[in-house]
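# Structure assessment
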Number of protein chains: 2
Amino acid sequence: MEAIEELAVQPCTSSLYLRPFRLSYRQNGTKKFWDFMRTHDSVSILIFNTSRQCFVVVKQFRPAVYMCEVERHQPQVFQNQDKESFPSLENPLPAVVGVTYELCAGIVDKPGLSLEETACEEVLEECGYRVSIADLRRITSYRSGVGVTGSRQTLFYAEVNDQMRTSGGGGQPEEGELIEVVEIPLGESMKFAYDETFPKTMGVIFSFMWFHNNIAPKLPKK
Amino acid sequence: MEAIEELAVQPCTSSLYLRPFRLSYRQNGTKKFWDFMRTHDSVSILIFNTSRQCFVVVKQFRPAVYMCEVERHQPQVFQNQDKESFPSLENPLPAVVGVTYELCAGIVDKPGLSLEETACEEVLEECGYRVSIADLRRITSYRSGVGVTGSRQTLFYAEVNDQMRTSGGGGQPEEGELIEVVEIPLGESMKFAYDETFPKTMGVIFSFMWFHNNIAPKLPKK
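The name given to chain A in an unreviewed UniProt entry is Uridine diphosphate glucose pyrophosphatase NUDT14, and the organism recorded there is Cyanoderma ruficeps. Per UniProt, chain A carries the Function (unreviewed entry) text "Hydrolyzes UDP-glucose to glucose 1-phosphate and UMP and ADP-ribose to ribose 5-phosphate and AMP. The physiological substrate is probably UDP-glucose. Poor activity on other substrates such as ADP-glucose, CDP-glucose, GDP-glucose and GDP-mannose."

Okay, here's the thing in structure tokens:
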């Protein structure tokens, strides 16, 4: 699995990625404010490979998840850290506690690209399958966060087969993406979805259940 | 609905609520860093009222969601804002674009309170029903975010009836919570779940579907 070394953490005073803002307002007469982060909308794609009757998901090391687990085990990890020092983590937890299973997904940040075009790009980059817009079925959209971020995520379903695979996927290493493509056999998928020893997003659980309700009954019998 | 007035936005340089950190590390030999936010784990509760055969959810104004919609309509809203000025929003959108439907939920931040105890407190505070730990069924847990935050959310199911209602709910006004309790009739719930004109979290859609798969078949016929 992942080799994660030389871990160090520090407060972050300025970031290209985290863009905090404060909204002040009066709600039903009461003066309030709320701090939030600007984010991009995103797309997420449930991929089912009909050749091998499996779901195609991605697995990656997530620093935010890892640090939640570190804090759970070492509650003092964020204390005593000023903005100058950058202390190394002592006795770091194994990287696997920060590795999550997720649907193929990506943010919508390229001007002129539709949600569907963005979804096709992500399927190719992350999972190595060439799909067209006609291969996508829109499932629904929802808010991916409501407290800190408030962006909208649109969920698609894409059926693929082995002939559509053009590469191994894995994301864009030049952008620092290190993504592992994982196949979850259909027959084991609901057991996997509810097995809490595999850290995952709600999107995986929801979309697997959606498939079992909406697609599985129509699959050709083998 | 909500009266939201005197809206103004500014960059946020220091916040009690947003706590940004940077993790630096070496992954498979490559030096990397990731900016993330410290957050608390949370609980979320699907509430079904058997007396009236409806789901009980909450509805509230979410500044982060509102500002996403503002930026969609006025992409320049975050530009030209330095840290001193605090400009008012011109021609603000109606508050309703920032109002979302969500499951009853809360963060786990009280030392010594279990997930189940936290869930019972939230059901009482937000929705006005007195439930005991024995009334809760754990559905599963998952990561509520993997990019910016990495915290774990645990989802419970609670069956309530009119006799268990002790107040109107609505959250803690002294903490600035202004929450509206909303009932979604069972018969309309899946239509509601997939109606994208009602902004909502994935938790609502997922848990309604979970109920239809796991609880509805066992409900006494009326």
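From this point, the narrative continues.
## Regarding the pairing of strand β5 (residues 54–61) of chain B
Residue and element names in this part refer to chain B. Burial analysis of β5 places eight of its eight residues in the buried class, which makes it a mostly covered element. Of the two faces of β5, the one holding Cys54, Val56, Val58 and Gln60 and the one holding Phe55, Val57, Lys59 and Phe61 are both buried throughout. Sheet analysis places strand β4 (residues 42–49) next to β5, joined by three bridges and oriented antiparallel. Paired with Asn49 across the bridge in β5 is Cys54. Counting the residues between successive antiparallel strands, the hairpin from β4 to β5 contains four residues, one of them, Gln53, with a positive phi of roughly 50°.

## Brief notes about the sheet that holds strand β3 (residues 30–37) of chain A
Sheet architecture is open: three strands sit in the order β3(A)-β2(A)-β1(B), paired in antiparallel fashion. The sheet terminates laterally at β3 of chain A together with β1 (4–11) of chain B, the two strands that pair on one side only. Direction aside, neighbouring strands of the sheet carry axes that sit 20° apart on average. Relative to β3 of chain A, strand β2 (residues 20–27) of chain A runs antiparallel, the two being bridged by eight bridges. Bridge assignment links Arg26 of chain A to a residue of β3 of chain A, and that residue is Lys31 of chain A.

## What to know about the packing of aromatic side chains
Residues and elements named next belong to chain A. What the rule picks out here adds up to 32 aromatic pairs over all chains. One aromatic cluster in this structure is built from Phe48, Phe55, Tyr101, Tyr157, Phe192, Phe198, Phe208, Trp210 and Phe211. For Lys200, the ring lying beneath its charged end belongs to Phe192, and the centroid distance is 5.0 Å.

## Re the relation of the copies chain A and chain B
In screw terms, the move from chain A to chain B is a rotation of 180° and a rise of 0.0 Å along the axis, fitting with an RMSD of 0.0 Å. Taken together, the rotation and translation relating the two chain copies correspond to the operation of a two-fold axis. Relative to the rotation axis, the closest C-alpha in chain A is found at Phe206 of chain A, a distance of 2.7 Å. When the interface residues of chain A are mapped onto chain B, 100% of them again lie at the interface, so the same face is used by both copies.

## Examining the packing of helix α4 (residues 202–214) of chain A against helix α4 (residues 202–214) of chain B
The geometry of a pair of packed helices is captured by two quantities: the angle between their axes and the separation between those axes. One can describe the packing of α4 of chain A onto α4 of chain B by two numbers: an axis separation of 10 Å at closest approach and a directional angle of 40°. By the criterion of interaxial angle, the relationship of α4 of chain A to α4 of chain B is oblique. In the crossing of α4 of chain A with α4 of chain B, the sense of the turn from one axis to the other is left-handed. On the side of α4 of chain A, the interface is formed by Met202, Gly203, Ile205, Phe206, Met209, Trp210 and Asn213 of chain A, while α4 of chain B contributes Met202, Gly203, Ile205, Phe206, Met209, Trp210 and Asn213 of chain B. Split into classes, the residues belonging to the contact of α4 of chain A with α4 of chain B amount to ten nonpolar, four polar and no charged.

## So, a nonpolar patch on the surface
Taken together, the side chains of Leu16 and Tyr17 of chain A together with Phe33 of chain B make up a nonpolar region of the molecular surface, amounting to roughly 380 Å² of accessible area. Positionally, Tyr17 of chain A belongs in the loop between β1 (4–11) and β2.

## Let's talk about the interface of chain A and chain B
At the interface, 77 residues of chain A touch 77 residues of chain B. Contact between chain A and chain B buries roughly 7,400 Å² in total, counting both sides, with carbon and sulfur atoms accounting for 59%. When the area that chain A buries against chain B is broken down by residue, the three leading residues are Arg143, Val146 and Met202 of chain A, summing to 10%. Counting across the chain A and chain B interface gives twelve salt bridges. Glu196 of chain A is the salt-bridge partner of Arg138 of chain B, the closest N and O atoms lying 2.5 Å from each other. Between the two partners, chain A and chain B, sit 27 residue pairs in polar contact (both at pLDDT 80 or more). Contributing elements (two or more residues each) for the side of chain A that touches chain B: β1, β2, β3, α1 (63–73), β6 (99–102), β8 (136–143), β9 (152–160) and α4 of chain A. Sorting elements by how many residues they give to the side of chain A that touches chain B places α1 of chain A first, with nine residues.

What counts, and where the lines are drawn
- Residues numbered from 1 in each chain as written.
- Chains lettered and ligands numbered in written order.
- Predicted model: local features only at pLDDT ≥ 70, side-chain atom pairs only at ≥ 80, totals over all residues.
- Heavy atoms only, no water.
- UniProt positions renumbered as here; feature names shortened; annotations may be inferred.
- Buried < 20%, exposed > 50% of the residue type's maximum accessible area, 1.4 Å probe, protein only.
- Helix = DSSP H or I, 4+ residues; strand = E, 2+ residues; numbered from the N terminus.
- Pairing = 2+ DSSP bridges.
- Axes fitted to C-alpha atoms, helices over the stretch in contact; angles between N-to-C directions.
- Phe/Tyr/Trp six-rings, centres within 6.5 Å; stacked < 30°, edge-to-face > 60°.
- Lys NZ or Arg CZ within 6 Å of the ring centre and 35° of its normal.
- Least-squares fit on C-alpha atoms with pLDDT ≥ 70 in both.
- Contact = heavy atoms within 4.5 Å.
- Parallel < 35°, antiparallel > 145°, perpendicular 65-115°, else oblique.
- Left-handed = near helix turned anticlockwise from the far one by under 90°.
- Nonpolar A, V, L, I, M, F, W, Y, C, P; charged D, E, K, R; others polar.
- Patch = residues over 30% accessible without salt bridge, like charges linked within 9 Å, V, L, I, M, F, W, Y side chains within 5 Å.
- Areas by Shrake-Rupley, 256 points an atom, 1.4 Å probe, with all protein chains shown as cover.
- Salt bridge = Lys/Arg side-chain N within 4 Å of Asp/Glu carboxyl O.
- Buried area = accessible area lost by both parts, 1.4 Å probe.
- Polar contact = N/O pair within 3.5 Å; in protein donor to acceptor, adjacent residues only side chain to side chain.

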